Amino acid sequence: MTQDDKIQRAAVIGGGVIGAGWAARFLLNGIDVAFYDPSDSARDRAHAVLAMARQAWARLYPGATVAEGQLIFAPTLEDAVRDADFVQESLPEIETLKRSVLAQIDAVAPVDTLIGSSTSGLLPSRLQADMRHPGRLVVGHPFNPVYLLPLVEICGGDQTTEATRDRAAAFYTRTGMQVLRVRKEIDGFIADRLLEALWREGLWLIEEGVATTSELDDAIRYSAGLRWAFMGTFLTYRLAGGDDGMRHFLHQFGPALKLPWTKLVAPELTDTLIDRIATQSDEQAAGTSIRELEALRDDALVRILNALSQVGPDGYAAGRTLNGFRNARAPADTAIPDPDGPIVSYQGHALDAWIDYNGHMTEHRYLQVFGQATDHVLALIGANEAYVRAGHSFYTVESHIRHLGQVHAGDAVRVCSQILGHDAKRLHLFHTMTGADGTAVATSEHMLIHVDARQGASAPILPAVQAALMAIGDKHAALPRPAGAGGSIGIRPKTS
Ligand SMILES: NC(=O)C1=CN([C@@H]2O[C@H](COP(=O)(O)OP(=O)(O)OC[C@H]3O[C@@H](n4cnc5c(N)ncnc54)[C@H](O)[C@@H]3O)[C@@H](O)[C@H]2O)C=CC1
Ligand SMILES: C[N+](C)(C)CC(=O)CC(=O)[O-]
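Residues numbered from 1 in each chain as written. Chains lettered and ligands numbered in written order. Predicted model: local features only at pLDDT ≥ 70, side-chain atom pairs only at ≥ 80, totals over all residues. Heavy atoms only, no water.

1. Focus on the overall build of the chain
Phase 1: Across its full length, the chain holds 16 helices and 14 strands.
Phase 2: Taking the principal axes of the C-alpha coordinates as reference, the chain spans close to 90 × 60 × 45 Å.
Phase 3: Sequence separation of at least 24 residues holds for 71% of the intrachain contacts in the chain that already meet a minimum separation of 6.
Phase 4: For the chain, the computed accessible surface area is about 26,100 Å², with 56% contributed by carbon and sulfur atoms.
Phase 5: Charged side chains of the chain number 45 positive and 58 negative; the gap between the two group centres comes to 5 Å. (Helix = DSSP H or I, 4+ residues; strand = E, 2+ residues; numbered from the N terminus. Contact = heavy atoms within 4.5 Å. Areas by Shrake-Rupley, 256 points an atom, 1.4 Å probe, with all protein chains shown as cover. Lys, Arg positive; Asp, Glu negative; His and termini not counted. Charge placed at Lys NZ, Arg CZ, Asp CG, Glu CD.)

2. Focus on the confidence of the model for the chain
Phase 1: For the chain, the mean per-residue pLDDT works out to 94, and 97% of the residues sit at or above 70.
Phase 2: Taken over the whole predicted complex, pTM reads 0.87, whereas the ipTM for its chain interfaces reads 0.98. (pLDDT = per-residue confidence, 0-100.)

3. What to know about the UniProt feature "binding site: NAD(+)" (unreviewed entry) in the chain
Phase 1: According to UniProt, the feature "binding site: NAD(+)" (unreviewed entry) maps to Gly-14, Gly-15, Gly-16, Val-17, Ile-18 and Gly-19 in the numbering used here.
Phase 2: Mapped onto the secondary structure, Gly-15 falls in the loop between strand S1 (9–13) and helix H1 (17–28).
Phase 3: Note on Gly-15: relative accessible area 0%, which makes it buried.
Phase 4: Every residue in contact with Gly-15, bar those within four places of it in the chain, is listed here: Ala-20, Phe-35, Tyr-36, Asp-37, Ala-42 and Arg-45.
Phase 5: Residue class for Gly-19 comes out buried when judged on its relative accessible area of 0%.
Phase 6: Sequence-distant contacts of Gly-19, defined by excluding residues within four places in its chain, comprise Val-12, Gly-14, Phe-35 and Ser-90. (UniProt positions renumbered as here; feature names shortened; annotations may be inferred. Buried < 20%, exposed > 50% of the residue type's maximum accessible area, 1.4 Å probe, protein only.)

4. Structural notes on the UniProt feature "domain: 3-hydroxyacyl-CoA dehydrogenase NAD binding" (unreviewed entry) in the chain
Phase 1: In the numbering used here, UniProt assigns the feature "domain: 3-hydroxyacyl-CoA dehydrogenase NAD binding" (unreviewed entry) to residues 10–184.
Phase 2: Secondary structure content for residues 10–184 is 38% helix and 20% strand, while the C-alpha to C-alpha distance between its ends is 27 Å.

5. A closer look at the nonpolar core
Phase 1: Ranked by internal contacts, the top residues of the largest apolar core, which has 43 residues, are Trp-22, Phe-26, Phe-86, Tyr-147, Leu-148 and Tyr-172.
Phase 2: Mapped by element, the contributors of at least two residues to this core are S1, H1, strand S2 (32–36), helix H2 (42–60), strand S7 (151–156), helix H6 (162–174), helix H12 (290–308) and helix H13 (318–329).
Phase 3: Broken down by element, the residue count for this core peaks at nine residues, all from H2.
Phase 4: Contacts of Phe-26, omitting those with residues within four sequence positions, involve Ala-10, Val-12, Ile-31, Val-33, Phe-86, Gln-88, Phe-171 and Thr-175. (Core = buried A, V, L, I, M, F, W, Y, C linked by side-chain atoms within 4.5 Å.)

6. Side note on the sheet that holds S7
Phase 1: The strand order S3-S2-S1-S4-S5-S6-S7-S8 describes an open sheet built from eight strands, whose pairing is mixed. On the outer flanks of this sheet lie strand S3 (71–73) and strand S8 (178–181), each paired with one strand and no other. Direction aside, neighbouring strands of the sheet carry axes that sit 25° apart on average.
Phase 2: Looking at chain direction, S2 and S3 are connected through three bridges and run parallel. Bridge pairing in S3 links Ala-34 to Ile-72.
Phase 3: Packed onto the sheet, helix H4 (residues 95–108) meets S1, strand S4 (86–89), strand S5 (114–117) and strand S6 (137–141) and runs at close to 165° relative to S5. (Pairing = 2+ DSSP bridges. Axes fitted to C-alpha atoms, helices over the stretch in contact; angles between N-to-C directions.)

7. Here's the deal with the site of ligand 1
Phase 1: Lining the immediate surroundings of ligand 1 are 22 residues, of which Ile-18, Asp-37, Glu-93, Lys-98 and Ser-120 lie closest.
Phase 2: Between ligand 1 and Arg-45 there is a distance of 3.2 Å, counted from an oxygen atom to a side-chain nitrogen or oxygen.
Phase 3: When the free accessible area of ligand 1 is taken as 830 Å², the share hidden by the protein chains comes to 73%.
Phase 4: Mapped by element, the contributors of at least two residues to the shell around ligand 1 are H1 and H4.
Phase 5: Taken together, the residues of the shell around ligand 1 break down into eight nonpolar, ten polar and four charged. (Near = heavy atom within 4 Å. Polar contact = N/O pair within 3.5 Å; in protein donor to acceptor, adjacent residues only side chain to side chain. Nonpolar A, V, L, I, M, F, W, Y, C, P; charged D, E, K, R; others polar.)

8. A look at the domain arrangement of the chain
Phase 1: For the chain, the assigned domains read domain 1 (4–189), domain 2 (192–287) and domain 3 (333–476).
Phase 2: Computed from C-alpha atoms alone, the centre-to-centre distance between domain 2 and domain 3 is 49 Å. (Domains from an automatic or database assignment.)

9. Here's the deal with the pairing of strand S11 (residues 412–422)
Phase 1: Alignment of strand S9 (residues 343–349) against S11, held across six bridges, turns out to be antiparallel. Across the sheet, Val-344 pairs through a bridge with Cys-416, a residue of S11.
Phase 2: Taken together, the eight bridges between S11 and strand S12 (residues 426–434) define a ladder with antiparallel strand orientation. By the bridge assignment, Arg-414 is partnered in S12 with Thr-434.
Phase 3: Between S11 and S12, which follow one another and run antiparallel, lie three residues.

Here it is in structure tokens:
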């Protein structure tokens, strides 16, 4: 697959549910985003979605050190796309509107800029028909919430080039997504054809008075929905066929396909039916707001993704994609960034949950962030997950945190780390946390002992890690000793 590391600036055109989700995914990958949406509420929504995405990503990728991209609200479409390497269109699902805006984007964006459309099912051959450079348009159909669900369906039209499909696949993969290439251009692509079949049947069941919105959701979430999180219909039914698998399943349940089990024809959406569905949906939500439901959804998705990442040696289904992306973002001992300078060991934003009754970041969250910074330094010198699995590790035996300033919700924080000393078994680390304006808000100092975890005793650092430590540690020894290093706590008599 073609690597596409050139894409650093994306334009998001249309910033509703999906556009805002794309913007968050790109920003959290360190990609700058120029965002264009004429609606008055788009800016607030973009900020709200980004805040939710940050919370989720902090739990999926703790300690990641990718600096967030810059979000710019462009005043016009032209301003947004003029310098973009990649444009993601997320306009309402109206073919005429999409065609005309895609033609405008095509007229302004540099010729090698890739253009993706979020359409849920419109044919790319039709969307590209009015473009002067139609070869660069591809559908990249995501799933809500875009910053959490990995799947993106890639579908080209008659004029889409193979290079465009490859570049788009490489780019979306780079942002942590699981690419599904649609072999044949078809309305609704793959996933939405499946989802719509279920949706049509559900609407029909409501119209017939067979079930309510809440009963239909229970029918899924207590049964097939649980297994759909990791096995699709075909793998699941293979198991339902017992030891003889799919062949037996088809023989046993094939005849039912001829019975009138499903209608699959959407009923007419009359005012009465819309009212019935909307009322049932309100009752089902029982006063829980959309924001609260989104928070619940994200919490559940993060837990499911984290759980799937622990199934089997490499994770299972979406958990494997998550692990692959974690590995791609993890510091590699072969890529020590700048051995001459302090290590950038953490970059992120203070989350709402970190704020205490004083309105600023509470003390144990500093240790959490500094702990993740320590893990980053350890991974960088090769004391990574594999090292720990093999029974070797570092244990922290002493810590000292100094609070020099305040961090508030949403503030950007960054930690730089310096190795102050090391020997055969010990590592002395100093972290400095800075706020958005670059001033130090806290420091922490730690002594770590290397251990043989199986013996439960201290042990010499293994040679490869020791060598990496020396390579950085010796350079860090030449740096100025940080103010506050080696301090102790006490009420000292004032000197006159
Ligand atoms: N909502 C969903 O679950 C999913 C939607 N999609 C697709 O994503 C696209 C967007 O859908 P949503 O975000 O749900 O719609 P939405 O209605 O939430 O957002 C559309 C946004 O486009 C803006 N807009 C309208 N005209 C514009 C123009 N000329 N220039 C710039 N912005 C303009 C609107 O102000 C609005 O904020 C559609 O193609 C849809 O099929 C794809 C996957 C899932
Ligand atoms: C309802 N929808 C067709 C817009 C849904 C999608 O396209 C994907 C999703 O997120 O379910």
